[in-house]
Amino acid sequence: MKINDLTQGPHYGRLPREAIFSLMTESSRLTVVCEQCHQDAVLPGLSHRERAVCPRCGHTLLTFRRNATERLLAYAVSALVFLALSLPFNFLTFKASGQKHSIDLPGGLSVLMEQDYFSLALITGLATLVLPGMVLCGLITLGLARKKNARTPFTRRTLYTVKTLLPWSMAEIFLVGTLVSLIKITELADVSVGLSFYAFIGFTTFMALTLSQFDSASYTLWLNDGQLPAPKALSESQAFTSIQRTWALLLTASLLYIPANMLPIMHTELFGTETPNTIIGGVISLWESGSYPIAIIILLASVVVPVAKIIILAWLNYSVHAQRSSSERTRIRYYRITEAIGRWSMIDVFVVAVLVALIQMGNTISIYPGQAALAFCAVVFITMVAAMTFDSRLIWQHWKQLP
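Below, the structure is looked at part by part. On a predicted model such as this, the values are computed, not experimentally measured, just so you know.

## Things to note about the packing of aromatic side chains
Each aromatic ring pair is specified by the distance between its two centres and by the angle formed by the two planes.
Stage number 1. Counted under the stated rule, the structure contains 14 aromatic pairs.
Stage number 2. Judged by centre distance (6.3 Å) and plane angle (25°), the ring pair of Phe91 and Phe174 falls under stacked. Note that Phe91 is positioned in the loop between helix 1 (68-85) and strand 6 (92-96) and Phe174 in helix 5 (residues 171-185), a separation of 83 residues in sequence. Per residue, the accessibility class of Phe91 equals that of Phe174, and both read buried.
Stage number 3. Considering the side-chain rings of Tyr335 and Phe390, the 5.4 Å spacing of their centres and the 45° angle between planes classify their relative orientation as tilted. With Tyr335 in helix 11 (residues 328-341) and Phe390 in the segment after helix 13 (372-389), this residue pair connects regions lying 55 residues apart in the sequence. Both residues of the pair, Tyr335 and Phe390, belong to the buried class.
Stage number 4. Feature note: the residues Phe91, Phe174, Phe197, Tyr198, Phe200, Phe203 and Phe350 constitute an aromatic cluster, connected by ring pairs.
Stage number 5. Across from the ring centre of Tyr219, 4.5 Å away, lies the NZ or CZ of Arg146, which sits over that ring.

What follows is the structure in structure tokens.
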């Protein structure tokens, strides 16, 4: 894939309205302000599968794929169909000691609520079914509006809603958590997958394909008649508020991380004997049983990533608080890494949700969530919010020199 170089310079003229979604002729130029470093950049004409990046921080400003709207609509509708098919049929079946327990996805959430784990059911249902479905409906709405060239206040609100919900849509993480759960319990009993499981794989696959065709900047360009509005300029008071809010969130996440690792994340009851399992204890058990890849995945997602994210965000926030002016590209690279990987720590929470929903056989064998499950979930969510409240433009601007 070719990456067009961007050059700084004067405004070369607004992108013509008729060229907005054929997206830019070779002679077109568009001046934009990077949302991550507030640098002015002039975008040249883009061809198929080209992207324009900021010359200062490397942030992708705009991408162009031919027939992206048509592909987005096709993939999004397919994803919604697979999502619907993943609900009514059997998802997983667990057999042990002559007993059998099957669940579908709504039934699994019902089991969690019947066991008085409403918060875990709510988080799982929202992150894996409701929010992804809302994102897909929003993307279909945007694609149809773009095809009809219907710019309305509702379309603008839809774009804002989709961008807001995207980080919290975690269907693919739930799928990985389900696979980890299957590996964890194969030694205890026989587990089989149903039609809904395969439909869910199709759903997550087409969801990923849909997002690969979605570029929020191009929709913003269309909604604003060929211009990308500049991000709102920072003021000193706004910068100070961002720094203090990030410190508060990081402190909260650090405090919650202690019970998240010290307390059991789930309890296993086998023939009347209850065994608590912490996150580290689960990793050790998987390693001792020979499931080395899964043990490494859980270790990285549940231990390394949360700690690394807290440390990196603390370092970044300190550097902007102290008005450091070096290593800007290194710092912005680490910031983007924390944004990309932080949500994957939810794997362990989804593992617990799947196991609790599936394995409920009284004294024979049952699994229950521990106090650490919600504490760990809070750590993940708070660090995600901390990354959102951190204003990356402060890496490039000294906050005390702002107006």
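## Here we look at the sheet that holds strand 6
Stage number 1. Taken in spatial order, the 3 strands of this open sheet run 7-6-8, and their pairing is antiparallel. Sheet topology places strand 7 (99-103) and strand 8 (190-193) at the edges, where each strand pairs with a single neighbour. Geometrically, the sheet is characterised by an average inter-axis angle of 15° between neighbouring strands, direction not taken into account.
Stage number 2. Relative to strand 7, strand 6 runs antiparallel, the two being bridged by 5 bridges. Following the sheet pairing, Ala96 is matched in strand 7 by Gln99.

## Overview of the environment of Ala239
Stage number 1. As for its placement among the helices and strands, Ala239 is situated in helix 8 (residues 236-262).
Stage number 2. Counting along the chain gives 118 residues from Ala239 to Ala357, while the straight-line C-alpha distance between them is 44 Å.

Conventions we followed
Residues numbered from 1 in each chain as written. Predicted model: local features only at pLDDT ≥ 70, side-chain atom pairs only at ≥ 80, totals over all residues. Heavy atoms only, no water. Phe/Tyr/Trp six-rings, centres within 6.5 Å; stacked < 30°, edge-to-face > 60°. Helix = DSSP H or I, 4+ residues; strand = E, 2+ residues; numbered from the N terminus. Buried < 20%, exposed > 50% of the residue type's maximum accessible area, 1.4 Å probe, protein only. Lys NZ or Arg CZ within 6 Å of the ring centre and 35° of its normal. Pairing = 2+ DSSP bridges. Axes fitted to C-alpha atoms, helices over the stretch in contact; angles between N-to-C directions.

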